[in-house]
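So the chains spell out like this:
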Amino acid sequence: MVETDGSAKALVFSQFVSFLDLIDYSLQKSQINCVKLVGDVAARNALVSRFFNDSDCRILLTTSEAGGLSLNLSVASYVFLMEPFFSSAVELQACDGVYRIGQHKAVRIVKFVTENTIEERILELQAKKNQNSQSSDLPNLEEELTVKDFNIFFM
């Protein structure tokens with residue numbers, strides 16, 4: 001990322017705060033400055049401001065709940081989704097923060113999926129939900145998982 005663009009910044013999304021803690025630890029050991037936004041609303045503005053204004057702060061680690069809604073994160077040109085979310089709509093909303101007024105760079109979104117794991121089944125479920133929503137007149141992107149959907153994870 002930095003080799004391609006020396007000023008590049010990135011969002012890293014995970015559903016698991018403990019995973020973000022591990023990534024944070026690794027980045028700190030590598031002397032890569034980052035901020036972690038995981039739910040402290042009081043600190044949210046300060047963390048986002050540091051990410052925007054501090055040229056040394058390259059990475060914003062966050063969950064979709066904390067960083068995926070109502071934020072202008074157009075300073076970032078990379079988005080890393082560390083695991084698939086149950087809803088592709090949540091993934092899209094998490095990525096939308098970089099597509100705001102002020103975005104002047106091409107954006108690269110990277111989704112990590114581990115082969116032969118439950119993550120592949122989550123992608124299958126996403127595809128099924130997307131196909132179902134496209135075939136109906138009124139798509140329901142916030143559709144809940146059914147028992148049948150949940151069973152796909154254990155097949």
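Residues numbered from 1 in each chain as written. Predicted model: local features only at pLDDT ≥ 70, side-chain atom pairs only at ≥ 80, totals over all residues. Heavy atoms only, no water.

Draft legend 1. Structural detail: the sheet that holds strand β2 (residues 33-37). A sheet is described by the order of its strands in space; here 5 strands give the open sequence β2-β3-β1-β4-β5, paired in parallel fashion. Only two strands of the sheet have a single neighbouring strand rather than two, namely β2 and β5 (108-111). For this sheet, the mean angle separating the axes of adjacent strands, direction not counted, is 15°. By the bridge criterion, 4 bridges tie strand β1 (residues 10-13) to strand β4 (residues 78-81) in an arrangement that is parallel. What sits directly across from V12, in β4, is F80. Here helix α2 (residues 41-53) sits on the sheet in contact with β1, β2 and β3 (57-62), set at roughly 155° to β2. (Pairing = 2+ DSSP bridges. Helix = DSSP H or I, 4+ residues; strand = E, 2+ residues; numbered from the N terminus. Axes fitted to C-alpha atoms, helices over the stretch in contact; angles between N-to-C directions. Contact = heavy atoms within 4.5 Å.)

Draft legend 2. Geometry of helix α1 (residues 17-29). Along its 13 residues, α1 runs 18 Å from first to last C-alpha, staying within 8% of the 18 Å computed at 1.5 Å per residue. Residues of α1 that are buried: L20, I23, D24 and L27. Buried positions in α1, seen along its axis, are confined to an arc of 105° and lie on one side of it. Counted as exposed and oriented over 90 degrees from the buried face of α1: S18, L22, Y25 and K29. Residues of α1 that are buried sit in contact with β1, β2 and β3. (Expected span 1.5 Å × (residues − 1). Buried < 20%, exposed > 50% of the residue type's maximum accessible area, 1.4 Å probe, protein only. Arc of directions from axis to C-beta.)

Draft legend 3. Highlighting the pairing of β2. In this structure, β2 lies alongside β3, joined through 5 bridges in parallel fashion. Across the sheet, the residue bridging to L37 is T62, located in β3. Handedness of the crossover joining β2 and β3 through α2: right-handed. (Right-handed = clockwise from strand over helix to strand, strands pointing away.)

Draft legend 4. Representation of the environment of F52 within the structure. Residue position: F52 is located in helix α2. If near-sequence neighbours (up to four positions away) are discounted, F52 is found in contact with K9, N72, L73, S74 and V75.

Draft legend 5. Focus on the environment of E120. Tracing the backbone shows E120 in helix α5 (residues 118-135). We classify E120 as partly exposed; its relative accessible area is 30%. Residues E120 and P84, spaced 36 residues apart in sequence, show a C-alpha to C-alpha distance of 8.6 Å. In contact with E120, other than residues within four places in its own chain, are V113, T114 and E115.

Draft legend 6. Here's a closer look at the environment of D40. Examined against the element boundaries, D40 turns out to sit in the loop between β2 and α2. Judged by its relative accessible area of 47%, D40 is partly exposed.

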